[in-house]
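# Per-entry structural report
Here is how the chains run, residue by residue.
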Amino acid sequence: MRRFAWALPLLSVWLVPALALATQVEAMSLRELVAEADLVIVGTVVSNDAHYDDQDRIVTDATIRVEDTLHGARATTIVVRRLGGVVGDLGLQIAGESTYPVGTRALLFLRAIPATDLPVGSVVYRPLGMSQGVMPMLEANGIEVVMPGGADLTIVTLQPNGALAPSGPALSSPQPRDELLARVRDLVSEVHGE
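Bear in mind that the values here come from a model prediction, so they are computed numbers and not experimental data. (Residues numbered from 1 in each chain as written. Predicted model: local features only at pLDDT ≥ 70, side-chain atom pairs only at ≥ 80, totals over all residues. Heavy atoms only, no water.)

## What about the overall build of the protein?
Helix and strand counts for the protein come out as 3 helices and 13 strands. Looking at the protein as a whole, 37% of its 194 residues are labelled buried. Taking contacts inside the protein between residues at least 6 apart in sequence as the whole, the part at least 24 apart equals 63%. Summing over all exposed atoms, the protein offers an accessible surface of approximately 11200 Å²; the carbon and sulfur share of this is 57%. (Helix = DSSP H or I, 4+ residues; strand = E, 2+ residues; numbered from the N terminus. Buried < 20%, exposed > 50% of the residue type's maximum accessible area, 1.4 Å probe, protein only. Contact = heavy atoms within 4.5 Å. Areas by Shrake-Rupley, 256 points an atom, 1.4 Å probe, with all protein chains shown as cover.)

In structure tokens:
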């Protein structure tokens, strides 16, 4: 065993860069986010609950108070699930999974998934394109703006030759809330006929 002790530092140098890579996902345009979403809302995070799901994964369910529904079924609150969180002394963090601090607001593009670990008929939502479907809302210079999604992701597009090329999120820069919501409503009308 001692004669291979020299290999451990060398292996750690090779492995660390591989572990440091971010999660890669295919870029989604604003139109694609709208087209693939079951629900598009503006909401505020009111609580988080980390637990094990029925597959023994740590997940965190964020309860979101719905302020505005741009597409999909109307509700006063919904649950958005992410992989990861902290249960007891054990934590799991996945690059590209959004966190939902209580009190934060966001424009969310969501897909419904069955929640087999909750009562029959329960549904939770997942953001499209991982954090691409979560666009935080902040106040800047007295104007509410929507920030680009895609936090902690490497966003790429597939080239005709099969290579992956760097790309960007659906929003390239912060957008005034009212202007962006008007664009999203127009896309909802075009894509879904609502």
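## Thoughts on the nonpolar core
By size, the foremost hydrophobic cluster in this structure holds 20 residues, and its most contacted members are L107, F109, M135 and V184. Listing elements by their share of this core, those giving two or more residues are α2 (30-36), β2 (39-52), β7 (105-114), β9 (134-140) and α3 (177-192). If we ignore the near neighbours within four places in the chain, the residues touching M135 are L30, L33, A106, L107, F109, V146, M147, G149, A170 and L171. Counting residues in hydrophobic clusters, the runner-up holds 14 residues, among them V45, V66, L110 and Y125. (Core = buried A, V, L, I, M, F, W, Y, C linked by side-chain atoms within 4.5 Å.)

## Focus: the pattern of salt bridges
Oppositely charged side chains can pair when the atoms bearing their charge come close. On inspection of all chains with the given rule, the structure shows 10 salt bridges. Residue R31 is joined to E190 by a salt bridge in which the shortest nitrogen-to-oxygen separation is 2.5 Å. Of this pair, R31 sits in helix α2 while E190 sits in helix α3; the two residues are 159 residues apart in sequence, bridging distant segments of the chain. With a relative accessible area of 40%, R31 lands in the partly exposed category. Among the salt bridges present, the one from E36 reaches R111, with a minimum N-O distance of 3.4 Å. Taken together, the positions of E36 in helix α2 and R111 in strand β7 put the pair 75 residues apart, joining distant regions of the chain. Accessibility expressed as a relative area gives 36% for R111, which makes it partly exposed. (Salt bridge = Lys/Arg side-chain N within 4 Å of Asp/Glu carboxyl O.)

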